[in-house]
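Geometric and topological summary
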Amino acid sequence: MLQRLSFVRRLRQELFTDSRVVQERLRQLGGSGTVRTTLEEIRREGNEDQNKTKSKDMSNSNSKSARTSTAAATESSTPPNTVLRITLDNPLRANALCGKMLAELGDAVQTAVGLELQDPASATAAKPKLACVVIQGAGRHFCAGSDLNLLANATADTAKDMLNFMHTVTTCFKTLSVPTIALLQGDAIGGGSELVTMTDYQVADEAAARIRFVHARRGLTPGWGGAARLIHMVGAHRASQALMSARMFTAKDAHNYGLFSHLAPAGEAPRVCDDLVQTLTSNDPAAIASAKLLSLRGFIESLEASQDTEKEMFESAFARLQW
Ligand SMILES: CC[C@H](C(=O)O)C(=O)SCCNC(=O)CCNC(=O)[C@H](O)C(C)(C)COP(=O)(O)OP(=O)(O)OC[C@H]1O[C@@H](n2cnc3c(N)ncnc32)[C@H](O)[C@@H]1OP(=O)(O)O
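The text that follows walks through the structure, step by step, so that each part is easy to find.

Conventions adopted
The residue numbering used here restarts from 1 in each chain and proceeds along that chain's sequence as written. Residues qualify for local features only when their pLDDT is at least 70, as the model is predicted, and side-chain atom pairs are given and counted only at 80 or more; totals for whole chains, interfaces and linings, by contrast, use all residues. The side-chain values count all of the structure's non-hydrogen atoms but skip hydrogen atoms and water molecules. Strand pairing requires that DSSP identify at least two bridges connecting the strands. Runs of H or I in DSSP of at least four residues are treated as helices and runs of E of at least two as strands, each being numbered from the N terminus. Note on geometry: axes are C-alpha line fits, over the in-contact stretch for helices, and angles between N-to-C directions span 0 to 180 degrees. A contact between two residues is defined here by any heavy atoms of the two lying within 4.5 Å. Each nonpolar core is a collection of buried residues, namely Ala, Val, Leu, Ile, Met, Phe, Trp, Tyr and Cys, held together in the definition by side-chain atoms within 4.5 Å. Relative accessibility thresholds used throughout: buried, under 20% of the residue-type maximum; exposed, over 50%; partly exposed, between the two (1.4 Å probe, protein chains only).

Taken in spatial order, the 3 strands make up an open sheet running E5-E7-E8, and their pairing is mixed. Edge positions in the open sheet fall to strand E5 (187-189) and strand E8 (248-250), since each of these has one partner strand only. In this sheet, neighbouring strand axes are inclined to one another by 15° on average, regardless of whether the strands run parallel or antiparallel.

Written out as structure tokens, the structure reads:
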């Protein structure tokens, strides 16, 4: 559906072709941590209560093989809805993203785009029906942004690679035609806060989740398209205040500000997220894609120009910095 927009088609071509060289250069930078993806199948069986039970059974297991229930797909001729779960996994560094993880996040978004179907009726067991994407962090936090060691040692060329690649990756994520959710059980800082802005929903643990656009404190501006998306989320006035102050938002503050869509009682964010997945995947996928198309249309047209400005700002801020 969204692929109808030429901007989106161009971006996807960039993700799968032009960005590949940069992606491999980032992968070569290495670092600790990884980005994991799992597919979870949600079977719809008549009434919503049954759906819920099935989904809980799968989601309560931590095992990757249990989460990816291929058996369900062969039981019926209609392939079940599939949820792609992306986990930023570098818990000893608050899920800060090293070069390898940036490249792997690109792989994950390529997976999501590859699973997106122009026509949901054409789903097969081999190409299941992507209905939702959830992004989360491993351990206590969501994501502490770029790995500071990577930034400290980055040449201007590496910084430019990161900037261009992450603009492509996050914008491709933002323009997916299925609903996307950030599951926040801890902090989202810097680049991590920018990842939050690429999602449609944000389910936050009210006791533990926080968000901070820390860039101004570090002498930087957002570099992953986060400023443009933040304006889209909360309006220019609030966005500029959040960026200028670099303040830490508690979950409640962020909810009031329009940054987090859902507040979950302490420890219950995964359950609230599962419930939201159930609700969203029970709705008509074409109607959902239309809703996203409608809301993104005006945004996308101004996004191109905002992104160019954002890139220029980041490059000049980065050039000024002494790490
Ligand atoms: C600014 C834009 C830029 C971009 O867009 O590319 C960036 O994203 S730059 C990175 C911006 N991020 C930050 O400034 C976050 C810095 N970290 C923190 O504020 C805290 O670590 C926090 C709030 C995320 C978590 O605090 P907590 O007390 O729970 O844990 P620790 O501080 O003890 O952190 C654990 C461990 O992780 C290391 N760490 C944290 N963030 C990073 C990072 N961005 N890069 C590399 N390493 C990071 C921290 O040093 C600790 O390591 P340890 O060896 O245990 O001391």
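Turning to the environment of Gly 106, a few remarks are in order. Along the polypeptide, Gly 106 turns up in helix H6 (residues 99-115). Separated by 83 residues in the primary sequence, Gly 106 and Gln 23 place their C-alpha atoms 7.5 Å from one another. Setting aside chain neighbours within four positions, we find Gly 106 in contact with Leu 15, Gln 23, Phe 165 and Val 169.

The tendency in soluble globular proteins is for nonpolar side chains to be buried as a group. With 71 residues, the main nonpolar core has Leu 195, Leu 259 and Phe 260 as its most contacted residues. Ranked by residue count, the leading element in this core is H6, at 9 residues. Excluding residues within four positions of it along the chain, Leu 259 makes contact with Val 196, Gln 202, Ile 211, Phe 213, Leu 230, Met 233, Val 234, Phe 249 and Ala 254. Counting 14 residues, the second-largest nonpolar core is a separate cluster that includes Ile 42, Ile 181, Val 277 and Leu 280.

It is worth spelling out the pairing of strand E6 (residues 201-205) at this point. For E6, a buried count of 4 out of 5 residues is recorded, marking the element as mostly surrounded by other parts of the structure. Where strand E4 (residues 180-184) lies against E6, 4 bridges are found, and the strand directions are parallel. Looking at E6, one finds that Ala 182 is bridged to Gln 202. Pairing analysis gives 3 bridges linking E6 to strand E9 (residues 262-264), with the strands arranged parallel. Following the sheet pairing, Ala 204 is matched in E9 by Leu 263.

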